[in-house]
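This is what each chain is made of:
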Amino acid sequence: MEVKKLEYTALYRKFRPLKFDEIVGQEHIVRTLKNELINDRVGHAYLFNGGRGTGKTSAAKILARAVNCLNPKDGEPCNECAVCKAALEGSLTDIVEMDAASNNSVEDVRAIRDEVNFLPTVAKYRVYIIDEVHMLSASAFNALLLTLEEPPEHVVFILATTNLESVPITIVSRCQRFEFHRITDKDIVERLKFVCDEENIKYEDDGLKEIAILADGGLRDALSILDQLSKNEEVITNTLVSNEIGSISNKKIDELINYLDHNDIDNIEAIFNEVES
């Protein structure tokens, strides 16, 4: 009998937040969304804007469960009821996720427009999560606008983007807009420490700080870097990060700009030697 190997789950997926309070560095958004849910003031359309890896998709998934949860508590989904479990398993047809980067035609949006008139099959709301919404074509945006202008009461749209400028103002004005901030290095390091402790990954603080700097405010990027380095089964140190990732951090770039401004030739040469070594 052939024994199947367990499929490896990337750290950023394994440690994806399942509740609002687990989202790192976006307390202003978490507080507002939870208050809306507690007071039963669910909006018909939300727009999540921010850099990659800042929690937009995670928040969208949690919100989609929270508005449909059978036993919500303090604005959080229980993740235990039949609806929450089906959503987590990806089998709940009332929650539809669409990546606009690959489904950006007017036909894709028209399919949604045709569906929204049907009542949810199991849940209270039919929720549409459209990721990278700025990638929709002009005709697709026009089709989406028609739905956002007069949406059925049982439908919630959650749009996510890393490029707000490319989203038509007519779409933006019909949504509750939430700005996801770049996550601080401190918050990223704290989350990395938690993951390392859970996964028995050995680390030094300086190594995790270097990962946070390289991640540039994106927790998903930080977890992906940690994932890559942890496969070496070595202690995560500053030196290991520099040697394995092989890229100059934003901190070093800032230092270089400062040295250039002051015509500090010695330190400029030192940084170039460090990068080349």
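Overview of the structure. (Residues numbered from 1 in each chain as written. Predicted model: local features only at pLDDT ≥ 70, side-chain atom pairs only at ≥ 80, totals over all residues. Heavy atoms only, no water.)

1. Structural notes on the sheet that holds strand S4 (residues 155-161)
Applicable threshold: For two strands to be treated as a pair, DSSP must find at least two bridges joining them. Strands are runs of DSSP state E lasting at least 2 residues, helices are runs of H or I lasting at least 4, and numbering of each runs from the N terminus. Throughout, an axis means a line fitted to C-alpha atoms (over the contacting stretch in the case of helices), and angles, computed between N-to-C directions, take values from 0 to 180 degrees. Only heavy atoms enter the contact rule, under which two residues are in contact if any of them lie within 4.5 Å.
With parallel pairing, the 5 strands of this open sheet are ordered in space as S2-S3-S4-S1-S5. Looking at strand neighbours, the two that pair on one side only are strand S2 (95-99) and strand S5 (176-180), the edges of this open sheet. Averaged over all adjacent pairs, the angle separating strand axes in this sheet is 15°, with direction ignored. Alignment of strand S3 (residues 126-131) against S4, held across 5 bridges, turns out to be parallel. Bridge assignment links Tyr128 to a residue of S4, and that residue is Phe157. Sheet strands touched by helix H2 (residues 27-38): strand S1 (45-50) and S5. Its angle to S5, the strand with the most contacts, is close to 150°. Strands S2, S3 and S4 of the sheet are contacted by helix H5 (residues 106-115), whose axis makes an angle of about 165° with S3.

2. What to know about the packing of helix H9 (residues 205-215) against helix H10 (residues 219-230)
Here is the rule: Should an angle fall under 35 degrees it is called roughly parallel, over 145 degrees roughly antiparallel, and 65 to 115 degrees roughly perpendicular, with every other angle called oblique. The handedness criterion is simple: a crossing whose near helix is rotated anticlockwise from the far helix by less than a right angle is left-handed, and one whose near helix is rotated clockwise is right-handed. Only Asp, Glu, Lys and Arg are considered charged, only Ala, Val, Leu, Ile, Met, Phe, Trp, Tyr, Cys and Pro nonpolar, and every remaining residue, Gly among them, polar.
Packing of H9 against H10 leaves a shortest axis separation of 8 Å and a crossing angle of 130°. Classed by the angle they form, the pair H9 and H10 counts as oblique. For the element pair H9 and H10, the recorded crossing hand is right-handed. Along the contact surface, H9 presents Leu208, Ile211, Leu214 and Ala215, while H10 presents Asp221, Ala222, Ile225, Leu226 and Leu229. Taken together, the residues of the contact of H9 with H10 sort by class into 8 nonpolar, no polar and 1 charged.

3. What to know about the pairing of S4
Successive residues of a regular strand alternate their side chains across the two faces of the sheet. Short version of the rule: Relative accessible area decides the class of each residue, using a 1.4 Å probe on protein chains only: under 20% of the type maximum gives buried, over 50% gives exposed, and in between gives partly exposed. Place the viewer so that the strands point away; then a crossover is right-handed whenever the path from the first strand over the helix to the second strand goes clockwise.
Buried residues dominate S4, accounting for 7 of its 7 residues. In S4, alternate side chains face the same way, and those of Val155, Phe157, Leu159 and Thr161 on one face and Val156, Ile158 and Ala160 on the other are all buried. Remark: the S3/helix H6 (residues 138-149)/S4 crossover connection has right-handed handedness.

4. Let's talk about the packing of aromatic side chains
Formally: Two aromatic rings from Phe, Tyr or Trp, using only the six-membered ring of Trp, form a pair when their centres are within 6.5 Å; if the ring planes differ by under 30 degrees the pair is stacked, by over 60 it is edge-to-face, and anything between is tilted.
Scanning the entire structure with this criterion turns up 6 aromatic pairs. Taken together, the aromatic side chains of Tyr46, Phe48, Phe178 and Phe180 make up a single cluster linked through ring pairs.

5. Details of the nonpolar core
So the rule is basically this: We call a set of buried Ala, Val, Leu, Ile, Met, Phe, Trp, Tyr and Cys residues a nonpolar core when their side-chain atoms join them within 4.5 Å.
In terms of nonpolar packing, the biggest core is built from 33 residues, with Phe20, Leu33, Tyr46, Phe48, Leu63, Val127 and Ile158 touching the most fellow members. Contributions of two or more residues to this core are made by H2, S1, helix H3 (56-66), helix H4 (82-89), S3, S4 and S5. A total of 6 residues in this core trace back to one element, the largest contributor, which is H3. Here Val127 is in contact with Ala64, Val67, Asn68, Asp94, Ile95, Val96, Val156 and Ile158, once residues within four sequence places are set aside. Residues Met98, Ile112, Leu164 and Val172 belong to the second largest nonpolar core, which totals 26 residues.

6. Examining the packing of H5 against H6
Contact pair H5 / H6: the axes reach a minimum separation of 8 Å and the direction vectors enclose 15°. Judged on the interaxial angle alone, H6 and H5 are roughly parallel. Like other packed secondary-structure pairs, H5 and H6 cross with a definite hand, here left-handed. Contacts between H5 and H6 pair Val106, Val109, Arg110 and Arg113 from the former with Ser139, Ala140, Ala143, Leu144, Leu146 and Thr147 from the latter. Of the residues belonging to the contact of H5 with H6, the class tally is 6 nonpolar, 2 polar and 2 charged.

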